[in-house]
Amino acid sequence: MAEIAAPAPSIPNQMQGVLATGVTATSTPDEAQSTPPAPEEQACETLYIQNLNEKIKPEVMKASLRGLFKSYGEVLDVVAHKNLRMRGQAFVSFASADVAKKAMKDVQRFPLYSKPMQISFARTRSDAVVKKLDADHFDEHKKQREEHKKATRYTNPLKAKFRAKRLAAEMDGAAAIPAPKRPNVQMPDEYLPPNKILFLQNLPENVTKDQLMALFSQYPNLYEVRLIPTKKDIAFVEYIDEGSAGIAKDALHNYKLDGENKIKITFARK
């Protein structure tokens, strides 16, 4: 009698959906796992935070970050710069990488000042962390950091991009700015050309129109005296012609109307 072949094992219900979405029943384990998982980010005591609200002043932002993260453990340092290249970024340092890891997990994408924070581990330890956890090597750490900073000053792609953007902005700005105009030099009152209208300054605040009419009518061809209600120490005196105005000006300039203060008389500006 022929042997009866055993039935093929059925696929568990929970796996059928997985197979239906891309892995067929004929796929080998190697094929199903051809894409390796992304390597886990190396934990560090310092968090690098981006996408911060640039309108917030650095000191206010630092205080806010310290208040937000201190519930996870001791915050050794918060660094936030106001220069253009580092705006919207900050570093928060803890005494432990485990504390930093938990803080990053919990606070990731938290909307601080209406902007979701983007948090990752810093690539190197901060000065505050080294000083706290490895004080004997702090000087060596600081020296290496300064040397790295000098070495990457002209090769760092982020700095190069920033310099290029700044240079382009300066060139655009230079092209947009018109050639500077010569300043308008205003002629002193004493050298103004003749005018039939005289400008009086430094008058007593209680002076009346009648007093000025009596004073300037001593000279021929007086036409009008005009006081300024909102500015009681100035007035205008008009004559029929420039010659008559010039005679009155020369005669009454520095006249002490109240016995104390000299009035200043010049030709009015045309």
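All values derive from a computational prediction rather than experimental measurement.

Peer 1: What exactly am I supposed to notice about the side chain of Ser-126 here?
Peer 2: Relative to the assigned elements, Ser-126 resides in the loop between β6 (118-121) and α5 (127-133). Here Ser-126 falls in the buried class, since its relative accessible area comes to 16%. What Ser-126 contacts, discounting residues up to four positions off in sequence, is Thr-46, Ser-93 and His-141.

Peer 1: What should I look at first to understand the sheet that holds strand β2 (residues 75-79) in this one?
Peer 2: Within a beta sheet, neighbouring strands are joined by backbone hydrogen bonds and run either parallel or antiparallel to one another. In space, the four strands of this open sheet follow the order β2-β3-β1-β6, with antiparallel pairing throughout. In this open sheet, the two edge strands, each paired with only one partner strand, are β2 and β6. On average, each strand axis in the sheet is inclined to that of its neighbour by 20°, with strand direction left out of account. Pairing of β2 with strand β3 (residues 90-94) involves four bridges; the strand directions are antiparallel. Each residue of the ladder has a partner; that of Asp-77, found in β3, is Ser-93. Lying over the sheet, helix α3 (residues 58-69) contacts β1 (46-50), β2, β3 and β6, oriented at roughly 150° with respect to β2. Here helix α4 (residues 97-107) sits on the sheet in contact with β1, β3 and β6, set at roughly 160° to β6.

Peer 1: How should I be thinking about the confidence of the model for the protein in this particular structure?
Peer 2: Any segment with low pLDDT has predicted coordinates that should not be analysed in fine detail. Looking at the protein, the pLDDT average stands at 80 and 74% of residues meet or exceed 70. Here residues 1-29 is modelled with pLDDT under 50, and outside its nearest four sequence neighbours on either side it reaches five contacts, counting other chains as well.

Peer 1: Sorry, what's going on with the sheet that holds strand β7 (residues 197-201) here?
Peer 2: If you walk across this open sheet you meet the four strands as β8-β9-β7-β10, and the pairing is antiparallel. Of all the strands in the sheet, the pair left with one neighbour each is β8 (222-227) and β10 (264-267). Strand-to-strand twist across the sheet, computed as the mean angle between neighbouring axes with direction ignored, equals 20°. Strand direction decides the pairing type here: β7 and β10, joined by four bridges, are antiparallel. Along β10, the bridge assignment pairs Leu-200 with Ile-265. Helix-sheet contacts for helix α8 (residues 209-216) involve β7, β8, β9 (235-239) and β10, and the interaxial angle to β8 is about 150°. Packed on one face of the sheet, helix α9 (residues 242-252) meets β7, β9 and β10 and runs near 155° to β10.

Peer 1: Got a minute to help me understand the nonpolar core in this structure?
Peer 2: For soluble globular proteins, nonpolar side chains are generally found buried alongside one another. Formed by 21 residues in total, the largest nonpolar core has its most connected members in Leu-47, Leu-65 and Phe-69. For this core, the secondary-structure elements that each account for two or more residues are β1, α3, β2, β3, α4 and β6. In terms of residue count, the dominant contributor to this core is α4 (four residues). Sequence-distant contacts of Phe-69, defined by excluding residues within four places in its chain, comprise Leu-47, Ile-49, Val-75, Val-92, Phe-94, Ala-103, Val-107 and Ile-119. Core analysis: the next-biggest nonpolar cluster, separate from the first, contains 19 residues, Leu-203, Tyr-219, Ala-248 and Phe-267 among them.

Parameters at a glance
- Here the residue numbering is sequential within each chain, running from 1 through the sequence in written order.
- Where local features are concerned, this predicted model is filtered to residues with pLDDT of at least 70; where side-chain atom pairs are given and counted, the filter is 80 or more; whole-chain, interface and lining totals use all residues.
- Hydrogen atoms and water are omitted, and side-chain values are computed over all heavy atoms in the structure.
- Under the DSSP-based scheme used, a helix requires at least four consecutive residues in state H or I and a strand at least two consecutive residues in state E, with every element numbered from the N terminus.
- The buried label applies to any residue whose accessible area, calculated with a 1.4 Å probe on protein chains only, is under 20% of its type's maximum; exposed applies above 50%, and partly exposed to all values in between.
- Should any heavy atoms of two residues lie within 4.5 Å, those residues are considered in contact.
- Between any two strands, pairing holds if DSSP finds at least two bridges.
- Convention adopted: a line fitted to C-alpha atoms gives each axis, helices being fitted over their contacting stretch, and angles between N-to-C directions are expressed from 0 to 180 degrees.
- Per-residue confidence from the predictor is given as pLDDT, running between 0 and 100.
- The set of buried Ala, Val, Leu, Ile, Met, Phe, Trp, Tyr and Cys residues whose side-chain atoms join them within 4.5 Å is what this entry labels a nonpolar core.

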